[in-house]
Amino acid sequence: MSEARIIQLGSKDGRARTGAAAQRRSRQQGPSGVDRGGETVPVEDEPIADLLATERMTAAGNPHPDPDPAEAGRAKTDPVGEDHVTPGRNGSARGARDGGGELTAAPREPAAPREPAAGGESDPAGDLGMAPASMLPAEPLADAGSLEQALAGFLAFLRRRITGDYVVDEHGFDEDLTENVIAPLLRPIYQNYFRVETRGLENVPDTGGALIVANHSGTVPLDAMMTALAIMDHHPAHRHLRMLAADLVFAVPFLAPVARKTGNTLACQPDAERLLAGGHLVGVWPEGFKGIGKPFSERYKLQRFGRGGFVSAALRAGVPIIPCTIVGAEEIYPMIGNLRMLARLLGLPYLPITPTFPWFGLFGLLPLPSKWLIEFGEPVDTESLTPAAAEDPMLVFELTDRIRETIQHSLYGLLMQRRSVFF
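Everything numeric here is computed off the predicted structure, so don't read it as measured data.

Engineer: Lay out the packing of aromatic side chains in plain terms, naming residues and giving numbers.
Structural biologist: Applying the stated rule across the entire model yields three aromatic pairs. Measuring from centroid to centroid gives 4.6 Å for F194 and W372, while their planes differ by 20 degrees, and the two rings are stacked. Here F194 is found in the loop between α6 (175-193) and β7 (197-199), whereas its partner W372 is found in the loop between β14 (352-353) and β15 (373-376), with 178 residues between them in sequence. You'll find F194 and W372 in the same group, each marked buried. Chaining the aromatic ring pairs together yields one cluster made of Y193, F194 and W372. Above the plane of the ring of F250 lies R260, whose end atom (NZ or CZ) is 4.6 Å from the centre. Directly above the aromatic system of F296 lies the positively charged group of R299, at a separation of 4.1 Å from the ring centroid.

What follows is the structure, encoded as structure tokens:
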């Protein structure tokens, strides 16, 4: 079959082709056009008429009609400069335009021999230079690679759990469980719900011990988990943040083992010094329950940083202290009230009342989708101080207050940069 061509209807060759085609069709279908099931196609619409004529010949048992001699002659003596296209794999015309805006001929690949279909019937699409429906390229599945990778990773995780091929350190940290189970559950909240933006990760060292000190807020301590995930996912070394947690975390039956396995340890000076001396990245939130349990009217106002025990641990281990500022956690559960009497009966430091809890039941536990900013500031160097400086209470207090003021000023700066609470 000759190569498909595009000819303008107003050109001389176009009028000649239209007239010749009209005479041929007028002898077969009459002067008005091509009739197909009561539908008349104008003779000027030559490509459609040729398609209908081919389909009728195929249905009549002549799958490969002989080309018209006049048409074959014109195909051989094709004038230079006419518009050409070559049919693509899906039957659509393809070609390239030259600098003057005209379509240039695309190289035509030789057609592969086709075997006749079962029952002696032919494929009309194949006769027209089109690929069969089964040969058309299929659309790839969305995120097929990531789904396959996630499934393969989960199966490998199960294999390691069954065979015992994983490591738990002396504090109960299970790195394999954290990376393959806990982090994938938190990642959609981090990326899509809170849309956390992280800055200053270059201030976090790639190796060696360091102490990250951050403000605490949000009624529920989600800020600690988001900070740990930010370092694990976006830091070049993908380090794990070993968090110092309050005693209450390890008193809850279900929460205690999960906290241990995800790297939390008791917020005491011996554990902090042991982790820092071992070259770990340690996170502390010195405000404690005073920070996450403060009313919404006092948002972004730092509470007292305790007695500076974290500074003493950093001085003894000789590691830098990195101030960290978190904006956005204050608005996830705006605390407008506190049921103090009920909280004492339940052994809780506070029992919050928010605009959604307890009025909407379990739906009230859903945090508001505020926009988060996490910034890691310039490290405070402690190498110039000897471990004996940890025994000087005035020096410890001065360094603690300096870090607190640094975080407070950084909070004000980030609040000025934030467009709104939720965007």
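Following the structure, the description resumes.
Engineer: Can you lay out the pattern of salt bridges for me, pointing to particular residues and giving the numbers?
Structural biologist: Taken as a whole and judged by the stated rule, the model has 13 salt bridges. Notably, a salt bridge pairs R316 with E273, separated by 3.2 Å at the nearest N-O pair. Of this pair, R316 sits in helix α11 (residues 309-317) while E273 sits in helix α9 (residues 269-277), and the two are 43 residues apart along the sequence. Judged by relative accessible area, which is 31%, R316 ranks as partly exposed. The partner of R316 in a salt bridge is E391, and the shortest N-O contact between them spans 2.6 Å. You can see R316 sitting in helix α11 and its partner E391 sitting in the loop between β15 and α13 (393-417), a full 75 residues away along the chain. A relative accessible area of 55% places E391 in the exposed class. Overlapping salt bridges bring together R160, R161, D174 and D176 as one network.

Engineer: Any chance you could break down the nonpolar core for me, citing the residues and the numbers?
Structural biologist: Ranked by size, the top nonpolar core spans 31 residues in total, and within it I212, L241, I326, W372 and F376 carry the most contacts. Only α6, β8 (210-214), α7 (222-234), β9 (241-245), β12 (321-327) and β15 provide two or more residues apiece to this core. It is α7 that contributes the most residues to this core, eight residues altogether. Apart from the residues lying within four places of it in its own chain, the contact partners of I326 are A214, N215, D223, T227, W285, Y300, W372, L373, I374 and L411. With 29 residues, the next largest nonpolar core counts L211, L244, L373 and A390 among its residues.

Engineer: Provide a residue-level description of the sheet that holds β12, including the pertinent values.
Structural biologist: The mixed open sheet is built from seven strands, whose spatial order is β7-β15-β12-β8-β11-β9-β10. The open sheet is flanked by β7 and β10 (265-266), the only strands paired with a single partner. Examined bridge by bridge, β8 and β12 share four bridges and lie parallel to one another. By the bridge assignment for β12, L211 is matched with I321. Contacts between α11 and the sheet are confined to β8, β11 (281-284) and β12, with β8 contributing the most and set at about 165 degrees to the helix.

Engineer: Let's hear about the pairing of β8: which residues, and what values?
Structural biologist: With five of five residues buried, β8 is to be regarded as a mostly interior element. Of the two faces of β8, the one holding A210, I212 and A214 and the one holding L211 and V213 are both buried throughout. Bridge count for β8 against β11 is four bridges, and the pairing is parallel. If you follow V213 over to β11, its bridge partner there is V284.

Engineer: Requested: an account of the environment of L248, with residues and values cited.
Structural biologist: Mapping L248 onto the fold places it in the loop between β9 and α8 (255-261). Taking relative accessible area as the criterion, L248 reaches 28% and is therefore assigned partly exposed. Residues L248 and L266 lie 18 residues apart in sequence; the distance between their C-alpha atoms is 9.7 Å. When neighbours within four sequence positions are excluded, L248 is seen to be in contact with F289, G347 and P349.

About the thresholds
Every residue gets a number counted from 1 within its own chain, in the order that chain's sequence is written. Selection of residues for local features in this predicted model requires a pLDDT of at least 70, selection of side-chain atom pairs for listing and counting requires 80 or more, and totals for whole chains, interfaces and linings are taken over all residues. Processing note: side-chain calculations cover all non-hydrogen atoms of the structure and skip hydrogens and water entirely. Within 6.5 Å between ring centres, the rings of Phe, Tyr and Trp (the latter by its six-membered ring) count as paired, and their orientation is classed by plane angle as stacked under 30 degrees, edge-to-face over 60, tilted in between. Helix and strand assignments come from DSSP, with helices taken as H or I runs of at least 4 residues and strands as E runs of at least 2, each series counted from the N terminus. Relative accessibility decides the category of a residue: with a 1.4 Å probe and only protein chains considered, values under 20% of the type maximum give buried, values over 50% give exposed, and everything between is partly exposed. Working rule: Lys NZ or Arg CZ, within 6 Å of ring centre, within 35 degrees of ring normal, means a charge sits over the ring. Criterion for a salt bridge: a side-chain nitrogen of Lys or Arg within 4 Å of a carboxyl oxygen of Asp or Glu. Grouping buried Ala, Val, Leu, Ile, Met, Phe, Trp, Tyr and Cys residues that are joined through side-chain atoms within 4.5 Å yields what is termed a nonpolar core. By the convention used here, residues are in contact when the closest approach between their heavy atoms is within 4.5 Å. Pairing between two strands requires that DSSP report at least two bridges joining them. With axes taken as lines fitted to C-alpha atoms, and helix axes fitted only over the stretch in contact, angles between N-to-C directions fall between 0 and 180 degrees.

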